[in-house]
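Chains, contacts and geometry: an overview
Each chain is listed here by its residues.
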Amino acid sequence: MLDLILGGARSGKSRLAERLALESGLPVTYIATSQPLDKEMAERISHHRARRPAEWALVEEPLALANVLRENAHQDRCILVDCLTLWLTNLLMLDDPLRLAEEREALLDCLATLPGRVVLVSNETGLGVVPLGELSRRYVDEAGWLHQALAERCQRVTFVMAGLPMVLKGESI
Amino acid sequence: MLDLILGGARSGKSRLAERLALESGLPVTYIATSQPLDKEMAERISHHRARRPAEWALVEEPLALANVLRENAHQDRCILVDCLTLWLTNLLMLDDPLRLAEEREALLDCLATLPGRVVLVSNETGLGVVPLGELSRRYVDEAGWLHQALAERCQRVTFVMAGLPMVLKGESI
Amino acid sequence: MLDLILGGARSGKSRLAERLALESGLPVTYIATSQPLDKEMAERISHHRARRPAEWALVEEPLALANVLRENAHQDRCILVDCLTLWLTNLLMLDDPLRLAEEREALLDCLATLPGRVVLVSNETGLGVVPLGELSRRYVDEAGWLHQALAERCQRVTFVMAGLPMVLKGESI
């Protein structure tokens, strides 16, 4: 069962994903894609970490997401990936379009065969005026295309606003 | 009964809030948090004012929102606050984190005991690429956290797009 | 029957509109409002064009939208306009407020009498922090007001996220 959780900044999307992982009753592996590049980022990461149960396994992987999903997914385990947006940003920052295309295809290809429960979290950023700059535009494009491709492959897609879920596809939460 | 109305710029959120206030059948006190800092802002304010019924009481308060809510709420009255986003911006501009924390706590604390009808309006701004600059990021963070905390405390939460309401929590409109 | 499709960048709104046009079973006229001002824009346009059925009639009109709607609408035809946001941007770039007001009124006035099927696509950009600059603010204001006015006049309004439709008004898709 694949869950995709979409929401804006501070929308409560991570909290909802963590609730779903807890309610699965399965042991949880948390895949963190963020890299503590600066002090602000380090604070956000430690804020998130403090909220998570101590017994959750943690895997940090900024780029090779399909690989760690294949290695860690198991029929008796719940995998939580938080978040795809940072993974995509990490790939865009490499400035290597081939690598980006490979990682994206690998992710989309592996989803259908992952056993167990998988909860994917991603940031919806396409509903504002896109700021100037090619990177912003490419990011918004890539994120939008990725979300469409993921939404086709996931059994449930949920949009979160102010901590409240709106299920766009699949069974209600 | 506490209503939270969320929506983007020019989404019709104020108009919906005003409709709810009118339909309550109660006398209305309108709490305006905006300050006419420039000509454009003054025009927006007078545009909003022209639309409102003349018999509504008006209270202008940029900062001490919990105070004016406690003073004005009454079991036979509807209070309309438009909007929380500007109140939060006013507090952020003070550059006084302690005051911000105090006002926020005071607001969240007073809600449970306010008598009568209260309609809160706020701007959803977390669904775009966050522009550069620490103030923008802090604003988006604070607004998102505030919306989550308010949504927990309100009996109904409604997202407005193109003037059309989507109820996220509570009874349909 | 008037359909309004709203969605963010790369949300799948054009794809949904094209699906509705195909499913109408009617011959389709596609009204493109975009102008290939630079290489990136030309690529986006050719990407969209490659996806559309070759038998669809194409009308390119950046400004006089009401005119081409009146000329092309027919009870046995489906008109697809993609997208209103670019039309509005084209009008704003003229820096001629009178022309903008005229074209907007003409569009809103003609909708009630258009025969056949019409599908309008527009970009929702009011849910982020509005970037600095008067043009960005005016654009967000104009787009928001336009969406409210259109939503009143359309029989169905649908918000698209990650390719998934949420019907805000009218019959489910």
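Structural data are supplied above this passage.
The following paragraphs examine the structure supplied in this document. (Residues numbered from 1 in each chain as written. Chains lettered and ligands numbered in written order. Predicted model: local features only at pLDDT ≥ 70, side-chain atom pairs only at ≥ 80, totals over all residues. Heavy atoms only, no water.)

Along chain A, the regular secondary structure elements total six helices and seven strands. A compact globule built from 173 residues should have a C-alpha radius of gyration of about 16 Å, and chain A, at 15 Å, falls within 12% of that. When the backbone C-alpha atoms are referred to their principal axes, chain A occupies close to 45 × 35 × 30 Å. By residue count, 54% of the 173 residues in chain A fall in the buried class. (Helix = DSSP H or I, 4+ residues; strand = E, 2+ residues; numbered from the N terminus. Rg over C-alpha atoms; globule rule 2.2 N^0.38 Å. Buried < 20%, exposed > 50% of the residue type's maximum accessible area, 1.4 Å probe, protein only.)

Bringing the pairing of strand β7 (residues 164–169) of chain C into the picture now. Residue and element names in this part refer to chain C. Sheet topology places strand β6 (residues 156–161) next to β7; five bridges connect them, and they run antiparallel. Across the sheet, Val157 pairs through a bridge with Lys169, a residue of β7. Taking the residues between adjacent antiparallel strands as the criterion, β6 and β7 are bridged by two residues, where Ala162 takes a positive phi near 50 degrees. (Pairing = 2+ DSSP bridges.)

Core analysis: the largest hydrophobic core is formed by 131 residues, its most contacted members being Leu69 and Leu84 of chain A, Leu69 and Leu84 of chain B together with Leu69 and Leu84 of chain C. Among all residues touching Leu69 of chain A, those that are not within four sequence positions of it are Ile31, Ile79, Val81, Leu107, Cys110, Leu114 and Val118 of chain A. (Core = buried A, V, L, I, M, F, W, Y, C linked by side-chain atoms within 4.5 Å. Contact = heavy atoms within 4.5 Å.)

We now examine the pairing of strand β4 (residues 78–82) of chain C. Residue and element names in this part refer to chain C. Counted residue by residue, β4 has five buried out of five residues, so it is predominantly covered. Residues Cys78, Leu80 and Asp82 of β4 are buried on one face, and the alternating residues Ile79 and Val81, pointing to the opposite face, are buried as well. The pairing of strand β2 (residues 28–32) with β4 spans five bridges and is parallel. Note that in β4 the partner of Ile31 across the bridge is Val81.

So, on to the interface of chain C and chain B. Each side of the interface is counted separately: chain C has 20 residues, and chain B has 24 residues. Regarding the contact of chain C and chain B, the summed buried area is about 1800 Å², with carbon and sulfur atoms giving 65% of it. Contact with chain B buries area across many residues of chain C, yet Leu127, Val129 and Gln148 of chain C alone supply 38% of it, more than any other trio. Ionic pairing is found between Arg15 of chain B and Glu152 of chain C, a salt bridge with its closest N-O pair at 3.7 Å. Counting residues per element, the ones that place at least two in the side of chain C that touches chain B are α6 (134–153), β6 and β7 of chain C. The dominant element in the side of chain C that touches chain B, judged by the number of residues it contributes, is α6 of chain C, at nine residues. Here the side of chain C that touches chain B is composed, by residue class, of 10 nonpolar, five polar and five charged. (Buried area = accessible area lost by both parts, 1.4 Å probe. Salt bridge = Lys/Arg side-chain N within 4 Å of Asp/Glu carboxyl O. Nonpolar A, V, L, I, M, F, W, Y, C, P; charged D, E, K, R; others polar.)

All names here are of chain A. Read across the open sheet, the seven strands follow the order β3-β2-β4-β5-β1-β6-β7; overall the sheet is mixed. Two strands lie at the open edges of the sheet, namely β3 (57–60) and β7 (164–169), each paired on one side alone. Between one strand and the next, the sheet's axes are offset by a mean angle of 20 degrees, whatever the strand orientation. (Axes fitted to C-alpha atoms, helices over the stretch in contact; angles between N-to-C directions.)

What follows covers the relation of the copies chain A and chain C. Each copy of the sequence occupies a distinct position, and chain A is placed on chain C by a rotation of 120 degrees and an axial shift of 0.0 Å, giving an RMSD of 0.0 Å. Expressed as a symmetry operation, the mapping of one chain copy onto the other fits a three-fold axis. For chain A, the residue whose C-alpha comes nearest the rotation axis is Gly128 of chain A, separated from it by 2.3 Å. (Least-squares fit on C-alpha atoms with pLDDT ≥ 70 in both.)

So, about empty space enclosed by the protein. Enumeration according to the criterion identifies six cavities of 30 Å³ or more in this entry. Among the elements of the structure, β6 (156–161) of chain B together with α6 of chain C are those that each provide at least two residues to the lining of the largest cavity. Among the elements that make up the lining of the largest cavity, the one with the highest residue count is α6 of chain C (four residues). In terms of lining, the second largest cavity is formed by Ala9, Arg10, Ser11 and Ala162 of chain A together with Glu124, Thr125, Gly126, Val140, Ala143, Gly144 and His147 of chain B. (1 Å grid on protein atoms, 1.4 Å probe; cavity = no way out; pocket = protein on both sides within 12 Å on 5 of 7 lines; lining within 4 Å. Points joined across faces, edges and corners; volume = space filled by probe spheres on them.)

Every contact between the two is made by 20 residues of chain A and, on the other side, 24 residues of chain C. Of the roughly 1800 Å² buried where chain A meets chain C, counting both sides, 66% is carbon and sulfur surface. Summed over the shared surface of chain A and chain C, the result is two salt bridges. Linking chain A with chain C are seven residue pairs in polar contact (both at pLDDT 80 or more). When contributions to the side of chain A that touches chain C are tallied by element, the ones reaching two or more residues are α6 (134–153), β6 (156–161) and β7 of chain A. Per element, the largest residue contribution to the side of chain A that touches chain C is nine residues, and it comes from α6 of chain A. Each residue belonging to the side of chain A that touches chain C can be placed in one class, and the counts come to 10 nonpolar, five polar and five charged. (Polar contact = N/O pair within 3.5 Å; in protein donor to acceptor, adjacent residues only side chain to side chain.)

It is worth spelling out the pattern of salt bridges at this point. For the coordinates displayed, the defined rule picks out 33 salt bridges over all chains. Glu142 of chain A is the salt-bridge partner of Arg138 of chain A, the closest N and O atoms lying 3.7 Å from each other. One end of the pair is Arg138 of chain A and the other is Glu142 of chain A, both in helix α6 and four residues apart, which spans about a single turn. Here Arg10 of chain B makes a salt bridge to Asp141 of chain C, at a shortest N to O gap of 2.7 Å. Taken together, the positions of Arg10 of chain B in the loop between β1 (2–7) and α1 (13–23) and Asp141 of chain C in helix α6 put the pair across two chains.

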